[in-house]
Structure formats: C-alpha cells, structure tokens
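The chain contents come next:
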There are 6 protein chains.
Amino acid sequence: MHTEDIYYEDYEIGHVRETLGRTITETDFVVHAGHTGDFFPHHMDADWCATQPFGQRIAHGTMVFSIGIGMTASVINPQAFSYGYDRLRFIRPVHIGDTIRTRVTITRKEPDAKRIGMGQVIEACEVLNQDGKVVLATDHILLAKMKGAA
Amino acid sequence: MHTEDIYYEDYEIGHVRETLGRTITETDFVVHAGHTGDFFPHHMDADWCATQPFGQRIAHGTMVFSIGIGMTASVINPQAFSYGYDRLRFIRPVHIGDTIRTRVTITRKEPDAKRIGMGQVIEACEVLNQDGKVVLATDHILLAKMKGAA
Amino acid sequence: MHTEDIYYEDYEIGHVRETLGRTITETDFVVHAGHTGDFFPHHMDADWCATQPFGQRIAHGTMVFSIGIGMTASVINPQAFSYGYDRLRFIRPVHIGDTIRTRVTITRKEPDAKRIGMGQVIEACEVLNQDGKVVLATDHILLAKMKGAA
Amino acid sequence: MHTEDIYYEDYEIGHVRETLGRTITETDFVVHAGHTGDFFPHHMDADWCATQPFGQRIAHGTMVFSIGIGMTASVINPQAFSYGYDRLRFIRPVHIGDTIRTRVTITRKEPDAKRIGMGQVIEACEVLNQDGKVVLATDHILLAKMKGAA
Amino acid sequence: MHTEDIYYEDYEIGHVRETLGRTITETDFVVHAGHTGDFFPHHMDADWCATQPFGQRIAHGTMVFSIGIGMTASVINPQAFSYGYDRLRFIRPVHIGDTIRTRVTITRKEPDAKRIGMGQVIEACEVLNQDGKVVLATDHILLAKMKGAA
Amino acid sequence: MHTEDIYYEDYEIGHVRETLGRTITETDFVVHAGHTGDFFPHHMDADWCATQPFGQRIAHGTMVFSIGIGMTASVINPQAFSYGYDRLRFIRPVHIGDTIRTRVTITRKEPDAKRIGMGQVIEACEVLNQDGKVVLATDHILLAKMKGAA
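Residues numbered from 1 in each chain as written. Chains lettered and ligands numbered in written order. Predicted model: local features only at pLDDT ≥ 70, side-chain atom pairs only at ≥ 80, totals over all residues. Heavy atoms only, no water.

Going by the annotation in an unreviewed UniProt entry, the name recorded for chain A is Bifunctional protein PaaZ, with Pseudoruegeria aquimaris given as the source organism.

A few words on the interface of chain D and chain C. You'll often see interface size given as the accessible area lost when the parts meet. Tallying the contact residues gives 35 residues for chain D and 35 residues for chain C. The largest share of the area that chain D buries against chain C comes from His35(D), Phe40(D) and Arg89(D), three residues that together contribute 24% of it. Summed over the shared surface of chain D and chain C, the number is two salt bridges. At the surface where chain D touches chain C, the tally comes to eleven residue pairs in polar contact (both at pLDDT 80 or more). Elements with a minimum of two residues in the side of chain D that touches chain C: helix H1 (26-36), helix H2 (41-44), helix H4 (61-70), strand E4 (75-76) and strand E5 (80-90) of chain D. The biggest single contributor to the side of chain D that touches chain C is E5(D), with nine residues. Looking at the side of chain D that touches chain C residue by residue, the class counts come to 18 nonpolar, eleven polar and six charged. Sheet topology places strand E5 (residues 80-90) of chain C next to E5(D); four bridges connect them, and they run antiparallel. Across the sheet, the residue bridging to Leu88(C) is Tyr85(D), located in E5(D). (Contact = heavy atoms within 4.5 Å. Buried area = accessible area lost by both parts, 1.4 Å probe. Salt bridge = Lys/Arg side-chain N within 4 Å of Asp/Glu carboxyl O. Polar contact = N/O pair within 3.5 Å; in protein donor to acceptor, adjacent residues only side chain to side chain. Helix = DSSP H or I, 4+ residues; strand = E, 2+ residues; numbered from the N terminus. Nonpolar A, V, L, I, M, F, W, Y, C, P; charged D, E, K, R; others polar. Pairing = 2+ DSSP bridges.)

Contacts between the two partners involve ten residues from chain A, matched on the other side by eleven residues from chain C. In total, chain A and chain C occlude about 810 Å² of area from one another, counting both sides; carbon and sulfur atoms represent 55% of this. On the chain A side of the contact with chain C, Val30(A), Met44(A) and Asp47(A) bury the most area, a combined 43% of that side's loss. Our count for the chain A to chain C interface comes out at zero salt bridges. Where chain A packs against chain C, one counts four residue pairs in polar contact (both at pLDDT 80 or more). With three residues, the top contributor of residues to the side of chain A that touches chain C is helix H1 (residues 26-36) of chain A.

Mapping chain A onto chain C is achieved by rotating through 120° and translating by 0.0 Å along the same axis, at an RMSD of 0.0 Å. Both copies are brought into coincidence by an operation consistent with a three-fold rotation axis. Of the C-alpha atoms belonging to chain A, the one lying closest to the rotation axis is found on Thr27(A), 3.2 Å away. When the interface residues of chain A are mapped onto chain C, a mere 20% of them are again interface residues, pointing to distinct binding faces. (Least-squares fit on C-alpha atoms with pLDDT ≥ 70 in both.)

Each of the two chain copies can be brought onto the other by rotation about an axis and movement along it. With an RMSD of 0.0 Å, the fit of chain D onto chain C corresponds to turning through 180° and sliding 0.0 Å along the axis. This pairing of chains is accounted for by a two-fold axis. The rotation axis passes nearest to the C-alpha of Asp86(D) in chain D, at a distance of 2.6 Å. In this assembly, 100% of the residues forming the interface of chain D have copies in chain C that are likewise at the interface, indicating an isologous arrangement.

Across all of its chains, the model carries 21 aromatic pairs over all chains by this definition. With a centroid separation of 5.4 Å and 80° between ring planes, the pair formed by Phe65(E) and Phe65(F) is classed as edge-to-face. With Phe65(E) in helix H4 (residues 61-70) and Phe65(F) in helix H4 (residues 61-70), this pair bridges two chains. For Phe65(E), a relative accessible area of 0% corresponds to the buried category. Taken together, a centroid distance of 6.1 Å and an interplanar angle of 80° make the contact between Phe90(E) and Tyr85(F) edge-to-face. Of this pair, Phe90(E) sits in strand E5 (residues 80-90) while Tyr85(F) is found in strand E5 (residues 80-90), placing the two residues in two different chains. For the cation-ring pair, Lys109(E) lies above Tyr8(E), with the distance from its terminal atom to the ring centre recorded as 4.8 Å. (Phe/Tyr/Trp six-rings, centres within 6.5 Å; stacked < 30°, edge-to-face > 60°. Buried < 20%, exposed > 50% of the residue type's maximum accessible area, 1.4 Å probe, protein only. Lys NZ or Arg CZ within 6 Å of the ring centre and 35° of its normal.)

Here we take up the packing of helix H4 (residues 61-70) of chain A against helix H1 (residues 26-36) of chain B. One way to put it is that H4(A) packs onto H1(B) with a least axis distance of 8 Å and a crossing angle of 75°. Judged by the angle between their axes, H4(A) and H1(B) are roughly perpendicular. Across from Met63(A), Ser66(A), Ile67(A) and Gly70(A) in H4(A), the residues of H1(B) making contact are His32(B), His35(B) and Thr36(B). By residue class, the composition of the contact of H4(A) with H1(B) is two nonpolar, five polar and no charged. (Axes fitted to C-alpha atoms, helices over the stretch in contact; angles between N-to-C directions. Parallel < 35°, antiparallel > 145°, perpendicular 65-115°, else oblique.)

A separate point is the pattern of salt bridges. What the rule picks out here adds up to 48 salt bridges over all chains. Residues Asp28(B) and Arg22(B) are paired through a salt bridge, measuring 3.1 Å at the closest nitrogen-oxygen approach. With a relative accessible area of 1%, Asp28(B) lands in the buried category. Across the salt bridge formed by Arg89(F) and Asp86(E), the nearest N and O atoms sit 2.9 Å from each other. Linking Arg89(F) in strand E5 with Asp86(E) in strand E5, this pair reaches from one chain into another. Comparing Arg89(F) with Asp86(E), the two get one shared label, buried.

Turning our attention to unusual backbone geometry. All names here are of chain E. One non-glycine residue, arginine 87, lies in positive phi territory at about 45°. Along the polypeptide, arginine 87 turns up in strand E5. With relative accessibility at 44%, the residue arginine 87 sits in the partly exposed group.

Across the eleven residues that make up H1(D), a large majority, ten, are buried. Taken residue by residue, H1(D) has Glu26(D), Thr27(D), Asp28(D), Phe29(D), Val30(D), His32(D), Ala33(D), Gly34(D), His35(D) and Thr36(D) as its buried positions.

Following the sequence through the fold, Thr36(F) ends up in helix H1 (residues 26-36). Here Asp38(F) takes part through its backbone nitrogen, which lies 3.2 Å from a polar atom of the side chain of Thr36(F). Every residue in contact with Thr36(F), bar those within four places of it in the chain, is listed here: Arg22(E), Ser66(E), Ile67(E), Gly70(E) and Met71(E).

Before going further, it helps to spend a moment on the environment of Thr23(D). Relative to the elements of secondary structure, Thr23(D) occurs in strand E3 (residues 22-23). For the pair Thr23(D) and Asp98(D), spaced 75 residues apart in the sequence, the C-alpha separation amounts to 5.6 Å. Not counting residues within four places of it along the chain, the set of residues in contact with Thr23(D) comprises Asp28(D), Gly97(D), Asp98(D), Thr99(D), Met44(F), Asp45(F), Ala46(F), Asp47(F) and Arg57(F). In this structure the side chain of Thr23(D) is engaged in a polar contact, spanning 2.8 Å, whose partner is the side chain of Thr99(D).

A few words now on the pairing of E5(E). Each regular strand displays side chains that alternate between the two surfaces of the sheet. The pairing of E5(E) with strand E8 (residues 134-145) of chain E spans eight bridges and is antiparallel. Within E8(E), the residue paired with Phe81(E) across the bridge is Leu143(E).

Our next topic: empty space enclosed by the protein. This structure, assessed with the given rule, holds five cavities of 30 Å³ or more. In this model, the largest cavity occupies a volume close to 720 Å³. Among the elements of the structure, H1 of chain A, H1 of chain B, helix H1 (26-36) of chain C, H1 of chain D, helix H1 (26-36) of chain E together with H1 of chain F are those that each provide at least two residues to the lining of the largest cavity. Looking at the lining of the largest cavity residue by residue, the classes come out as twelve nonpolar, 16 polar and six charged. (1 Å grid on protein atoms, 1.4 Å probe; cavity = no way out; pocket = protein on both sides within 12 Å on 5 of 7 lines; lining within 4 Å. Points joined across faces, edges and corners; volume = space filled by probe spheres on them.)

All right, on to the environment of Ile24(B) then. All names here are of chain B. Within the element layout of this structure, isoleucine 24 appears in the loop between strand E3 (22-23) and H1. Sequence spacing of isoleucine 24 and isoleucine 67 is 43 residues, and the spatial spacing of their C-alpha atoms is 9.2 Å. Leaving out residues up to four positions away in the same chain, isoleucine 24 has contacts with Phe29, Met63, Ile67, Val94, His95, Ile96, Gly97, Asp98 and Ile100.

Structure follows, in structure tokens:
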C-alpha cells in the first residue's frame, strides 16, 4: 500500500493488473454472515445445501464483491475517487476452498460531462477462480482529476 | 427469516419495504478491513482523516453495500435468484456512529428476453442514514419464475 | 426480522415454530472461545480430544445455547420481554460439522402473580441436530402484557 | 488454566470464588450479534434505543451469560462435568462500558438419585457489574464423581 | 487467571511450566491476517502454496508468537513487568491442524544494572507442536522487584 | 502487495521506508485478547485500569508487534525469508485511539557464516505513535540469497 498521484491522463486504456490469490475459507463465510446478518441456508447450512442442485454452500455475492475489490486496494491515489459500480454480475458460484484473484483492465475513459476538469475512467474488474473462470464481473467507475485542473 | 414462494406475477410495482436500523460501529470498520484486506487510511487512520476535508473515518463502500443488502435478507424465495446489481452509487459518506436502514422499492419488471418462463424484477435499494438521507443506491436485479412455468 | 404486537392472550398453547438450520463450524468454536475466554482443551485441542472417550472437540454449552436461541430471534414483540430460562440442559454433544436448528413450543401460560396485567408464557426451546436428536433443551420464560392492561 | 482433580467430597458449601473483571465493549455487542445472528435493535440500533425508556443499547442476555460463565473457566476438573443451569435470570441490563465479574458460591450438594457414585453440586453464579449489583444470576449444576467411586 | 505476588527472589532457575495445548485452525490464519493486514499468499493462498516446496499454508510467525505467549498468561504478578524478548526464532513451520503448547523455563536471573531494587529474570519460552518439536523459541525478559525494595 | 526479487546485494544500508498509519481501536484490543486468550485486566478492565498508575487500558505487547510488523508486509521477496527478531522492546504503552506506523531502516548486513551464498540483513523496525515517539523497537533478521548463488 503506497500513495501515488495518478491523473486522468495517466490511465491507459488496455492496461491490465492482477492481484495475488486468496483462498476463500469456511471462516470467511461465517465472518461475512456475522458481519452482514445474512444467515441464509445457502451460505450456512451444509446439510440442506447437500440436498440442493448446487450441492454445497455458496459464498454470499456481497462477500465475493467485497473481498474481490478489497484485494485491488494497493495504491492510494489522491487524484481520484470511487464513483460507483455498474453491471455487477454473479457469474459462477464460489465455494469453500476456491482461490480467487482479481483482474482489473482499463476499458474506457471520457471527460465527465458535469464536472469540469474531471474524467471518468472505467476499470473492468473480474474476479477469477483457481480455474481461471470469471466468478464475478463489474465495471468500476473512477472519477479522476485532469492534470491541467489539478 | 422464513421461506415463501414468490413468483414473477406476485411482485407489485410500487411495493416498498424497509428494514430496521443498525448503528455502524468502529468495530464494523475494523472487521471489514480485516475481512477484505483494505486498510486504506480513509477507513483506518483517525489522525490522518482529521487533517482531510472529510474530517473523520469513512466507511468502506463495500461495507455499506454488504450490510445494507444483508439487512434485507429476511425471506428465502425458492422461485427467484439474484442476477446482479446495476448503478451502484456511493452518494454520501457513512461515519462511525451513523445508523443505517434499507428501503427496497419494486420499480420495474419485464419478462426475461433470453430465459423463457422467467422475468426480471428490479428492486431499487436505498440505504438511508439516521437523517433519512440516501447514502447508497443501487438497482437489484432479481430473476423470478413465472407461475405458469413453475 | 419484523415488529409485531403479540399479547399474552395471543400465545396459543401447543403452537410450534421451527427455525432454519445452521452448520456449526470450527470457526464458531474459535470465535466463541475468543469471545468468552474459555479455551478449555475439550473445545480447542483436537489432539487431546482424540485421546478422550468423546473422541473429538465438543462445542461450548454456552455457544449451543447462544446460537440456538439467537436463531429464534425473528419477531420483535414490544408487548413482551425475556424474564429468563429454566432447566437449561446439555443433552448431547455438538461437534464441528453438526447442523442445528431450534424448535419452540408454547407449553404453558399463566397470569403473573406479582405483576398485575402481565402473564408468563413458557416456550420450550429444543435445539436439534441433523439427526433430529435434541442436543439442548430449556424453558424460556416470557413476560407478556395482557390486552386489557396495554 | 490448569487441571486438578476435585471430587464430590471436596466441594465445600459456602465456598466463594470471584473472577477478575472485564469491560463489556461495543465490540462484544457486534461480535455477539454476528455470532448468534440476533441483530435486534435493542442491541444494535443506538438511535432507536435513545427513543426508548432504557435509553441505550442493552447487551444480549446470552452474551452476559456466555462471558459471565466463560470467565469462571479456570480449572479443568476431570472428575466433574456440567449438567446444566437452573433459574437463569436477567436481573439488570448490561450496557456498553460496564465492567462485569462473576462470583461463584457453592450453595448445595447431594448424591445423585439416578447415578450411583455421583453427586450434584450447585454453584450459584452471579454476574456483578462495576457497582457490585447483580446483573445475571443462575444455578450451575455440576455432576461430580465421589471419591470411593472414582 | 489469578493474581499472585512473585518477587525476584522467588523465581527459581530451572523451574519449568507447560501450558495446555491448542489446535491452530484455518480460522486462526484468517483472523490473524485480518488483524494484522498481512495477507501474504504463504498464509492465505492454498493453491499457490501447493506449488511451493513447503506444500501448504504456513502460519504467520507473529501469530505463533502471539498465541504461544498468550497461552502462558495465567498469573498476574503485580511485582513484575515484561521488558521484552530476545532471540525470537521461527524454527519450524506451523500448519493448519497443528496443536501447539508452550514450555517456559527459568534459565537465568541477575540484578538489573540500571534499576536499583529490580532484577532481570529470563524465561526461555519454547512453543512445541504435537510431535514435541520446537517451532518457536525466544527469551522473555521479565523485570521483577526485589523483596527488600518492594 | 506485489512480488519482487531482492537479493542480498540489493539491500542498502541506511535505506528507510515508512508505512501508512493505523489507529489502534478498542476492537483491536478485544480481537487480540480473543485470538491469544490473554484477558489480563491491563488490557480488558477499564475500571481497574483507572485505579492504576497507567490510568487506562494498555495494548498487548504481542499486538503492537503483530500489527506493527504486519503493516510492513507489502513486498513478497522470493529471495529472502525471515529468520527471527532480536532485542524486541516495549518502550512506551499504546492506548486505545493511538495511531501507529512502522519505520524500517536497513542498519547492517553480512554474509551468513553457516549458509554459503546467503547473507543476513538487519532491518531496525520502529513502531511510532502519533507523536512520533517510538513505542516498540526490534531488529528483524532477514536471510537473503546472494546474486551469484541464486
């Protein structure tokens, strides 16, 4: 974790970075249920899950999102802030013992229509499992200052 | 938490439900940082925050989303599943000691173009603070079975 | 979780409700030890337990009680409060991987001798494992307002 | 924490022991809610509590019990096991910042009617706050081997 | 946990005490990563570890130290305080499922050169695994009051 | 967090790096007590601490060490591993609300006497509080491969 000034102009379309991996554990399931209050049996009842088509406990979507995005938090950029996320999709289930990592690709950027001197940068965030399959995808919208405006 | 069959036809546009409140504590900040690995000083360094325009620690966006959505997890509906979220926006900061609750409004529904016998239901989720201000907003996309198809 | 006014007169003897299930994990053992400070080897030392007649780690009684009762917390009733528990018994051990649920049966009610306008309602709480065996039983004493007195 | 053989005959009626103190924190409230799934606003919503007669968040009864009993877990006695608890009562509320300790008094003992060579020992457990007021009381029933029978 | 006055003169060279055992769980790995912010793949990524010579996740050194020392915290001695640790060494890896205990041997003592009426007591702390092998060793330096000086 | 090959020859004596800050919270105290099993009143009993010369709860030494070192975990260097720590000293107390950061200075290096092709690098680690005062100091011993030997 370090601090670095990155302006709108510095973001390069096509740039890709990838985090290290992290194994999702039963502990993470229990911690996330306790943190959010969502104790649905899909996440918490191994016996019931064994009777369902999906066969085993499934990670909360909010957890895959939170950990997947959390893993990308390595550079503090004082020249940008997070505006939100578009098209957040849960593509494949994550089970206990899966190992996930996140790939971030700069896919688009454009000056912000309403904020003079700012631009929107779109980071396509894909959370991948140990087989390289995408389990979650979303577009992160970053608002970054332009150099002239700084 | 209980189980109830709710089909596409059962969702009524304009229907609103609201959760009880929950105070966001310093503990939640520390738990979420530890759960996600995001120890950015915006969330964790009270002294540094005091020198910034925002003045105090700000909750992780992923935490407001996870807890805000978690609070809505009260009815298990075997006839629907979560497809994803659109337009997730962090509208106001959440600080230690704020009390949040979530309001869910059915705003739209339409038959799913690709999945015969299924329909998309849009739940507008708004996380509100103790002053009734929206701090986070997003559209939850639910895929629900139609009655005839069940 | 929702709020509902339930008066003494509304409780029906013989009424039964049952929670969904939850798998008790190694994480729960570690969290409960850390929360209570009880690190007895019966709960924490897998190697030593393997040399004992019970063969494997046993859940803290206080944990089975806390989670078993916690799972019943679904309706906030402003017209009643918890007075205490009688005859709390640990009937069978709970091990890592067991799935528990709680069955609550209204077994008795009577006007409270000392509190005019209040009545005692006894809820027999039984925590069951995945084989339907009772692992913990206790009588919950609820003090509920009478309608006339409200 | 150490191991010591204590037989039925060794328990002396009137013997009192008292634990050290522990301050109950907001963290304990959040951890207990997350561990048990009980997010009732009485424990979790500071704003709502401020509008109620009790004025502030109240500890879960199951938490005061679990921590109060957990603090007494200092001697492992292979000659006894816990049979259960009688008359568990929540006498005064515990709030964030209160400091509790537990006093254990041997109040009764008698040979067990059904188990030859065993006796029941009753430990009156009182959880006290910083003002020396009892907040929780219960009778712990211990089943201890008799010396001759060991 | 109890309080006992132990002076410099009371510490006997060669005295040995040993804690009970505790199984190190995957939960402890996840809790320690979250508590310290150290999410290195050596501790967190089971898949990557499987490709490395050590084959499986390895406990954080700081965790083995913290838990190993924490297990020795049983007697509060108002006549001494911890000055620090010398020669802290990580001798063998600790894996998920290993059971550790700590052996403390008084190996040396001498009057403190700078603090009149105080003496240094060296406790050799060895954390052992289930095979009796030392996994961590360090010398704890205790500063204890002399009786005359008290 | 990223991976980078750093050999013995690459370490420069006098090189200094400093982490960002982190506020130590009451939550950290409770989590560390629960993680290690050390519930000494110096860390856990606010009322008792108020009667002592130090006046308020003091962080566990093992926690300041674990978090202080954890904050430095930003670069994975496959060419070095941690051998241990020397002269770990607790210089000033850390209280709830203090903000700490860690400064790492390369102070010494020398070829390892026993391991051909390896060298010892000493990193002086100082944990500082919000006033810039050192609260903990220790020498970290790194064993790094030499370039020729790699």
